[in-house]
Amino acid sequence: MEKGWLDQLSEKQTARKPLCNLELFKKVFFKSAVEFYALMELHFEVDATNKNFLGHFCKYWNGDPKFEVLDNISLRKGLLVFGSYGTGKTSSFKIIQNMSKQYRIPELWFPIIGAQEVVAKYNAVRNKDEVIDYYSKGTFLFDDLGTETVGNNVYQYGKEEIFVRILLNRYRNFESLGTKTHVTTNLSFAQIENRYGTQISDRFIRMFNQLKLDGPSRRK
Ligand SMILES: Nc1ncnc2c1ncn2[C@@H]1O[C@H](COP(=O)(O)OP(=O)(O)OP(=O)(O)O)[C@@H](O)[C@H]1O
Ligand SMILES: [Mg+2]
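The model shown is predicted, which means the values in this text are computed figures rather than measured ones.

How each quantity is defined
Residues numbered from 1 in each chain as written. Chains lettered and ligands numbered in written order. Predicted model: local features only at pLDDT ≥ 70, side-chain atom pairs only at ≥ 80, totals over all residues. Core = buried A, V, L, I, M, F, W, Y, C linked by C-beta atoms within 7 Å. Buried ≥ 20, exposed ≤ 12 C-beta atoms within 10 Å, placed from the backbone. Contact = placed C-beta atoms within 7 Å. Near = placed C-beta within 6 Å. Helix = DSSP H or I, 4+ residues; strand = E, 2+ residues; numbered from the N terminus. Nonpolar A, V, L, I, M, F, W, Y, C, P; charged D, E, K, R; others polar. Expected span 1.5 Å × (residues − 1). Arc of directions from axis to C-beta.

## A word on the nonpolar core
With 39 residues, the main nonpolar core has Phe57 and Phe163 as its most contacted residues. Non-local contacts of Phe163, meaning those with residues more than four positions away in its chain, are made with Ala115, Leu145 and Tyr196.

Put into structure tokens, the structure is as follows:
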């Protein structure tokens, strides 16, 4: 076998180039954000409470390996965006999703599903395992994790924390396949631990870059 082939192969797998120059990415993000908020007749606000977050958020989605060391962010991991109500967590992801569609950038694509919607689907179908399997694979943003009710499985276990199963599966897929999970939540780390257990919260540290977006609500 040719010398160094393994190195070359692993280099190929890890060497991801940024999508573009960071300043350009930020400009396009800004433009998309202005358009996004204009649809609701709102102005895109950037101020002391979200400026830092938006900077990290753009760096992550632009995928520049240089920033991993600087910001303790790993591009292999997904994003866990946490903070109080109405700070723009969900909107920020929707803007990235819009950019993916508008400029046809598959690297920026992910489906968004509300945590409660997952539970509603689980409750509605007979084959519960299919729902768990479906949300265990591929990239997803689980919006508002922590607001969902416990699942109802009358056929088997009774009440069940659906996301414990989904997130444990996803952690396994993250380790073996690099599957990315993104989450928005109002829960603090302690609250996540409290609700889903330490098995989950331990894995959270390994599978997520945690970004805080706090401050007063911008909901009008
Ligand atoms: N930077 C911003 N500029 C202008 N309006 C904003 C900004 N961020 C958020 N908003 C507005 O505030 C409202 C709440 O935003 P969003 O739903 O993204 O918040 P959230 O953090 O996901 O809230 P929650 O924790 O309740 O889910 C929306 O109507 C959105 O349009
Ligand atoms: Mg939200």
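There is more to say after this.
## Digging into the site of ligand 1
Inspection of the region around ligand 1 gives 18 residues, with Glu45, Gly88, Lys89, Thr90 and Ser91 positioned closest. Among the elements that line the shell around ligand 1, the one with the most residues is helix 5 (residues 89-102), at three residues. Class assignment of the residues belonging to the shell around ligand 1 gives a composition of five nonpolar, eight polar and five charged.

## Let's talk about helix 5
A rise of 1.5 Å per residue sets the reference length of helix 5, with its 14 residues, at 20 Å; its end C-alpha atoms lie 20 Å apart and thus fit the reference within 8%. Where helix 5 is concerned, the buried positions are Lys89, Ser92, Phe93, Ile95, Ile96 and Met99. Projection of helix 5 onto a plane perpendicular to its axis shows the buried side chains occupying an angular sector of 150 degrees, all on one side. The elements touched by buried residues of helix 5 are helix 2 (22-38), helix 3 (51-62), strand 1 (78-82), strand 2 (112-114), strand 3 (140-145) and strand 6 (181-185). Immediately beyond the C-terminal end of helix 5, within one or two residues, lies Arg104, with a positive phi of roughly 50 degrees.

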